[in-house]
4 protein chains.
Amino acid sequence: MQAFVMNGVGETRMTEKERPQPGPNDAILKPTVALICTSDVHTVHGAIGERENLTLGHEAVGVVDEVGSEVERFSEGDRAVVGAITPEWGSAAAQDGHPSQSGGQLGGWKFANEKDGVFAEYAHVNEADANLAHIPDGVTDEEAVYVCDMLSTGFAGAENAAIPMGGTVAVFAQGPVGLMATKGARLQGAGRVIAVESVPERQELAREYGADEIVDFEAVDPVERIHELTDGEGVDAAIEALGSEETLADCVAVTKPGGTVSNVGYYGEGGTVDIPREAWGVGMAEKDIVTDLCPGGSVRLGRLLRLIEAGRVDPTKMTTHEFDFENIEEAFELMASKEDGVIKPLVRF
Amino acid sequence: MQAFVMNGVGETRMTEKERPQPGPNDAILKPTVALICTSDVHTVHGAIGERENLTLGHEAVGVVDEVGSEVERFSEGDRAVVGAITPEWGSAAAQDGHPSQSGGQLGGWKFANEKDGVFAEYAHVNEADANLAHIPDGVTDEEAVYVCDMLSTGFAGAENAAIPMGGTVAVFAQGPVGLMATKGARLQGAGRVIAVESVPERQELAREYGADEIVDFEAVDPVERIHELTDGEGVDAAIEALGSEETLADCVAVTKPGGTVSNVGYYGEGGTVDIPREAWGVGMAEKDIVTDLCPGGSVRLGRLLRLIEAGRVDPTKMTTHEFDFENIEEAFELMASKEDGVIKPLVRF
Amino acid sequence: MQAFVMNGVGETRMTEKERPQPGPNDAILKPTVALICTSDVHTVHGAIGERENLTLGHEAVGVVDEVGSEVERFSEGDRAVVGAITPEWGSAAAQDGHPSQSGGQLGGWKFANEKDGVFAEYAHVNEADANLAHIPDGVTDEEAVYVCDMLSTGFAGAENAAIPMGGTVAVFAQGPVGLMATKGARLQGAGRVIAVESVPERQELAREYGADEIVDFEAVDPVERIHELTDGEGVDAAIEALGSEETLADCVAVTKPGGTVSNVGYYGEGGTVDIPREAWGVGMAEKDIVTDLCPGGSVRLGRLLRLIEAGRVDPTKMTTHEFDFENIEEAFELMASKEDGVIKPLVRF
Amino acid sequence: MQAFVMNGVGETRMTEKERPQPGPNDAILKPTVALICTSDVHTVHGAIGERENLTLGHEAVGVVDEVGSEVERFSEGDRAVVGAITPEWGSAAAQDGHPSQSGGQLGGWKFANEKDGVFAEYAHVNEADANLAHIPDGVTDEEAVYVCDMLSTGFAGAENAAIPMGGTVAVFAQGPVGLMATKGARLQGAGRVIAVESVPERQELAREYGADEIVDFEAVDPVERIHELTDGEGVDAAIEALGSEETLADCVAVTKPGGTVSNVGYYGEGGTVDIPREAWGVGMAEKDIVTDLCPGGSVRLGRLLRLIEAGRVDPTKMTTHEFDFENIEEAFELMASKEDGVIKPLVRF
């Protein structure tokens, strides 16, 4: 089968691989539609180290091609979506309520990390009954593919933020995860959502997804501006959706004492991530810093699909470009360049 | 009345002041016994900036000397203890469940910060009905004075750590707050408490308060050692009871993915507090960092007194020295020097 | 001043009373607009026992007429709304996070229960700084008056229901509290809201407030129907917004194991409230039953006002009738009769 | 192999059965020590309906005899304990944090309910990696067998009770689950534990496990007495460890507004379980009623074993009688009769 792989840092290519085989609890999915993630680009650039002949990609929907002997909920031919994170549900971390950390730190992240990803004609899904979800008839593949990571991660940023009903939230960065954090904050009952972003197209989408105020950090100091907007009080919660030390510091600074800083950013470099000491109340201001890795699982995926089906969120506004699988390299180049107003490039198989 | 004041950074003296007057909701407490806190020493050294003629001290028990017109639960002559933190209970932060942050960041901390402290013949207590607690007959003043701050803060470190029943906990630093975090971890159901400390007297007390293992950070690398002790898994929770960037980094490093870092340390210097990026799972390992400022309030104080009364904890093991009020300056010098095995010096009025 | 009072069970009348006086922490509010609540009708019919010459009413906005010496956030002439529940914020229950229970069971409920209510030319507000909220310019009195009770109680029903993002919720009864529970479920991220109601006007409003499905319990068995709608799984949460034993039983029956039954109904009669044993999993199905009394406080009120100001909810759709204060008796009769499609009658002063 | 089975309501016998075979994720355990549970007796008497030739028993430790192809953590010959509840960890309920409800209401309860139990020479364990735990060398089989159900269920009663540090707790009934709830309340930081029990031997054990006060419900009205002991306030939490409607009513009555009623009782009869309306605050006193079915899983079992190993709890005090497997029928008769001061009869294979 054809697979789009990373072969050493900075090197990608289309190659021929053997179709994977399912174990008793697994399934083989034949992708129909996939999305490219900024983290795919980071991976190629070496963020998780060297990898040889590793198939890329972790956001895909498709059709079940084969199932293992113990799989009960899926059969060949079923339309299905698989989470970007595919936990081992019996693991110690999953028993403790942290399935994304199953088998070790970030251990639920298997696609294009511990094993081949989804940019291939066939992809292997571990624990298929728990990691795949059926796609309702009323949801298209192009919509459903957003639940793999963008909705799950962005919404988790909002869910973990402990937003009080009617509370104020600042969401830093309006890439696809930040946009979904903005939407997620609305779905969690925020009374005022302040989106921090400088790119006009992203500002526009942020408004469509529910931001009440836009703070352009290139035009104003976002910390000052957010304090102004909140009469000096600060926000109930801030969401970091970028993975930059500076942005995290701003999150801490704009959050009121007793508020929550919810991180869904991936910090790609540096030895430490530095928290501003005084703004953090010298460690005693009850500004908790909580983090998450994209939640997976059939139940999570099913509920996110229901939100799309019920019209609560239309993720396709984020699809700015489309490519055929054979041209996926172009899609990577676009995602790396961040040019042409790209938010998410969609890939068709 | 006599009061022991700070008058500019580095300067302390006994001086004459006017006895405070209560507003309608307040009381005047006449201290009988007090404790000196490391943070008193920090304050004198400038940690919270310049202060003029500010009475020091925030840990005291005594006798109610006068109450305001609206006070209902206390009368002249009542034995009572007042929390180190005396929130405004109707404030926005208190309504939100963060009374220690009432009126602004760390705003519940009034004694020896926003107003005169308790090292005086009389001390003013705001919102007396909610901030004082009656002392049961079975509890001595010398025991009760520990609930003001040491038990409340140390136990909060354990309570916030979300320790699973039978879980593993590492407590970094076994000063009085750390010792009470160790005891608190036991009272919260920890199955294994690992105390990190190098001073032999403190190691000994840590064992008495329930530590199962002692890690001497001067003899071994505590991160390596704790991973060894936990078969490479890390602990369910780590408690920072010192206020050092290095120790916080160690806490992050020894905590398993999905675990909790609970901070009760006060970070006294530096522009930032730095978190180790990789050990923190590049921001996605679900290692939450939670913080607290000593919880106050009559309900909290009452429950802590009950633990003493019921024999669950004997805080007086931490009282290493005693002084009369007129000699309080000597007590400060001892606390500053950390000599003679000092843990807590008690002051009698 | 004129006041509309209950004088023995079943007896109401307009009468002359002395204007109340504020204590140091209190304020006097001059109502401009009020709402009549079903519970006012229950009170008149004896639900909380005999009362003599007690002013009725607990939902009002108005203008601050006078403040006590310790009040800081309000001045004469301020537009303000007061919660139906006015806690004592320093009480033991409030310190424990249950302000509505301050001073004893349901003790935060003072208006028209422990003291005179708001159906008078002037009303006394205890702890004014914490129990009043300023009304933003963009919110009318006719909108603001809904935050006193209807939004606060209805939304609490949804907030306590622990609705997972995209989860399914059944809301039993679509009176004003139920309608706001329906709206609240949407604001809390529900993916599917099933409203149980038989009155066409209320069904219609339920749809406007966000119900995805309506179950008419007079046409079908609601338990069967909800199981059908959820493929036999049951809902993640059920909200009881009526106060009927039968409805609570249905809530238990339609909630999946591990789900939540959130009660905001007031059970007005009978010695016991009976839970169906088998549907409750013989006490082991992890179907928690949680309850609430309308949350009060300036912070809560302020956040609810923000939701109105931001256009997230328009409560005025529930105002079916209007009366002048002098005709308030007619409003009571209408509310008691439930005729003419009444949902909420508004009273102008 | 020999198995002790129920064959119709009221009928038990020793019989010959085929040794079970493991699927790919399963293991076969050869029991060494088991305990008889009151619920085994209920089962025989028809509590869960008719069963034919069903092997009884759900509390056992033993030696792993065989493992399926996918099992990684266990090998033939390992000493291991299996939980009474053996969830399917990938199920929807488990993903939602309720593994004991996996596959339907109480669906994690498989032994002696959905499949053969452990009173046999060999027992089948589903999802062995997640449902078995290794027994540390420092823990005997006779100790370890208590983590299957008694410690897990009793402690859960305390964990779910949301006991504040130093809070007051009432535990109704001091059978083995109640005794472990008493111990659990102590391990969760309760400042005062009130045990309700009339049998002298159980009262004595309750004291040994940490009860501060004993209330003999045959000598006094427990509701009155507990209100007296708490100065009329009621307790922060009450734990129902019997499964009687009357006891649950008492739990509701003694719990303060805002407190928690934690149920681990199994209600074996009647159409409804009735809650006292007024004591429950007419549904608005914020007295939540939470329930649980014995938590299972290797992580849970491992932490409970650690508490035994560390000497925090000695469960063997509850072992009042011992029997060989061939005499298990006698043990059943004893458990049914509740004679001879029986608490737990242990069975040796």
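All figures in this text were calculated on a predicted structure; none of them were measured in a lab.

Novice: Even after reading the chapter, I still don't get the overall build of chain A, so can you show me in this structure?
Specialist: For chain A, the helix and strand inventory stands at 11 helices and 17 strands. Its C-alpha atoms give chain A a radius of gyration of 20 Å, within 12% of the compact-globule value 20 Å for 349 residues. In terms of overall dimensions, chain A has a C-alpha envelope of 60 × 40 × 40 Å along the principal axes. When each of the 349 residues of chain A is scored for burial, the buried share is 66%. Across chain A, contacts joining residues at least 24 apart in sequence account for 71% of those joining residues at least 6 apart.

Novice: Sorry if this is basic, but what is going on with the packing of helix 5 (residues 150-159) of chain B against helix 6 (residues 176-187) of chain B here?
Specialist: The geometry of a pair of packed helices is captured by two quantities: the angle between their axes and the separation between those axes. Residue and element names in this part refer to chain B. Orientation of helix 5 relative to helix 6, taken along the N-to-C sense of each, is 50 degrees, at an axis distance of 7 Å. Between helix 5 and helix 6, the angle falls in the class oblique. Remark: the crossing between helix 5 and helix 6 carries right-handed chirality. Here Met150, Leu151, Thr153, Gly154, Phe155, Gly157, Ala158 and Glu159 of helix 5 lie close against helix 6, whose contacting residues are Pro176, Val177, Gly178, Leu179, Met180, Ala181, Lys183, Gly184 and Ala185. Tallied by class, residues from the contact of helix 5 with helix 6 come to 10 nonpolar, five polar and two charged.

Novice: Honestly, helix 5 of chain B in this entry has me stumped. Any pointers?
Specialist: Residue pairs spaced three or four apart in an α-helix point in one direction, given the helix's 3.6 residues per turn. All names here are of chain B. Within helix 5, 10 of the 10 residues are buried, leaving the element largely enclosed by the surrounding structure. Buried residues of helix 5: Met150, Leu151, Ser152, Thr153, Gly154, Phe155, Ala156, Gly157, Ala158 and Glu159, and no others. On its buried face, helix 5 is in contact with helix 6, strand 12 (235-240), strand 13 (255-263) and helix 10 (298-309).

Novice: What should I look at first to understand helix 10 (residues 298-309) of chain A in this one?
Specialist: Residues and elements named next belong to chain A. Its 12 residues give helix 10 an end-to-end C-alpha distance of 16 Å, which sits within 8% of 16 Å, the value for a rise of 1.5 Å per residue. For helix 10, the full list of buried residues reads Ser298, Val299, Arg300, Leu301, Arg303, Leu304, Leu305, Arg306, Leu307 and Ile308. Backbone geometry just downstream of helix 10 places glycine 311 in the positive-phi region, at approximately 80 degrees.

Novice: Any chance you could explain the interface of chain A and chain D here in plain terms?
Specialist: Put simply, an interface is often sized by how much accessible area is lost when its parts join up. In this assembly, 17 residues from chain A lie in contact with 17 residues from chain D. Where the side of chain A that touches chain D is concerned, the elements lending two or more residues are helix 2 (92-95), helix 3 (128-131) and helix 10 of chain A. No other element matches the three residues that helix 2 of chain A contributes to the side of chain A that touches chain D. Taken together, the residues of the side of chain A that touches chain D break down into six nonpolar, seven polar and four charged.

Novice: How should I be thinking about the relation of the copies chain A and chain B in this particular structure?
Specialist: Each of the two chain copies goes to the other by way of a rotation about an axis and a shift along it. It takes a turn of 180 degrees to lay chain A on chain B, together with a shift of 0.0 Å along the axis; the resulting RMSD is 0.0 Å. These values place the two chain copies in the arrangement generated by a two-fold rotation axis. Using C-alpha coordinates, one finds that chain A approaches the rotation axis most closely at aspartate 274 of chain A, a distance of 2.1 Å. Counting the interface residues of chain A, we find that 100% of their copies in chain B are interface residues as well, pointing to one common contact surface.

Novice: Whenever I open this one, the sheet that holds strand 2 (residues 12-16) of chain C confuses me. Can you help?
Specialist: Pairing between the strands of a sheet is mediated by backbone hydrogen bonds and can be parallel or antiparallel. All names here are of chain C. Taken together, three strands build an open sheet; the order of strands is 2-1-4 and the sheet is antiparallel. This sheet does not close on itself; its edge strands, each paired only once, are strand 2 and strand 4 (54-55). Relative to strand 2, strand 1 (residues 2-6) runs antiparallel, the two sharing five bridges. Of the residues in strand 2, the one forming a bridge with valine 5 is arginine 13.

Novice: Honestly, the domain arrangement of chain A in this entry has me stumped. Any pointers?
Specialist: Residue and element names in this part refer to chain A. Once the domains are mapped, chain A shows domain 1 (2-149 + 294-348) and domain 2 (153-291). Summarising the inter-unit geometry, the C-alpha centres of domain 1 and domain 2 are found 27 Å apart. In this complex, domain 1 contributes 14 residues to the contact, which on the side of domain 2 involves 12 residues. The element best represented in the side of domain 1 that touches domain 2 is helix 1 (residues 38-44), accounting for three residues.

Novice: Sorry if this is basic, but what is going on with the relation of the copies chain A and chain D here?
Specialist: Placing chain A over chain D gives an RMSD of 0.0 Å and needs a rotation angle of 180 degrees, together with 0.0 Å of translation along the axis. An overlap of 100% is found between the interface residues of chain A and their copies at the interface of chain D, pointing to a shared contact surface.

Novice: Would you mind going over the interface of chain A and chain B with me for this structure?
Specialist: In this complex, chain A contributes 36 residues to the contact, which on the side of chain B involves 36 residues. Contributions of two or more residues to the side of chain A that touches chain B are made by strand 13 (255-263), strand 14 (272-276) and strand 15 (288-291) of chain A. The element contributing the most residues to the side of chain A that touches chain B is strand 14 of chain A, with five residues. Residue composition of the side of chain A that touches chain B, by class: 15 nonpolar, 14 polar and seven charged. Both strand 14 of chain A and strand 14 (residues 272-276) of chain B contribute to a ladder of five bridges, which runs antiparallel. In the strand pairing of strand 14 of chain B, aspartate 274 of chain A is matched with aspartate 274 of chain B.

Novice: Any chance you could explain unusual backbone geometry here in plain terms?
Specialist: For residues that are not glycine, phi is negative in most cases, and the peptide bond is trans in most cases. With a phi close to 45 degrees, glutamate 127 of chain A is a non-glycine residue in the positive phi region. Structurally, glutamate 127 of chain A is set in the loop between strand 7 (123-125) and helix 3. We classify glutamate 127 of chain A as buried; it has 25 C-beta atoms within 10 Å. Backbone geometry places aspartate 231 of chain D, a non-glycine residue, at a positive phi of 50 degrees. One can find aspartate 231 of chain D in the loop between helix 8 (222-229) and strand 12 (235-240).

Parameters and conventions
Residues numbered from 1 in each chain as written. Chains lettered and ligands numbered in written order. Predicted model: local features only at pLDDT ≥ 70, side-chain atom pairs only at ≥ 80, totals over all residues. Helix = DSSP H or I, 4+ residues; strand = E, 2+ residues; numbered from the N terminus. Rg over C-alpha atoms; globule rule 2.2 N^0.38 Å. Buried ≥ 20, exposed ≤ 12 C-beta atoms within 10 Å, placed from the backbone. Contact = placed C-beta atoms within 7 Å. Axes fitted to C-alpha atoms, helices over the stretch in contact; angles between N-to-C directions. Parallel < 35°, antiparallel > 145°, perpendicular 65-115°, else oblique. Left-handed = near helix turned anticlockwise from the far one by under 90°. Nonpolar A, V, L, I, M, F, W, Y, C, P; charged D, E, K, R; others polar. Expected span 1.5 Å × (residues − 1). Least-squares fit on C-alpha atoms with pLDDT ≥ 70 in both. Pairing = 2+ DSSP bridges. Domains from an automatic or database assignment.

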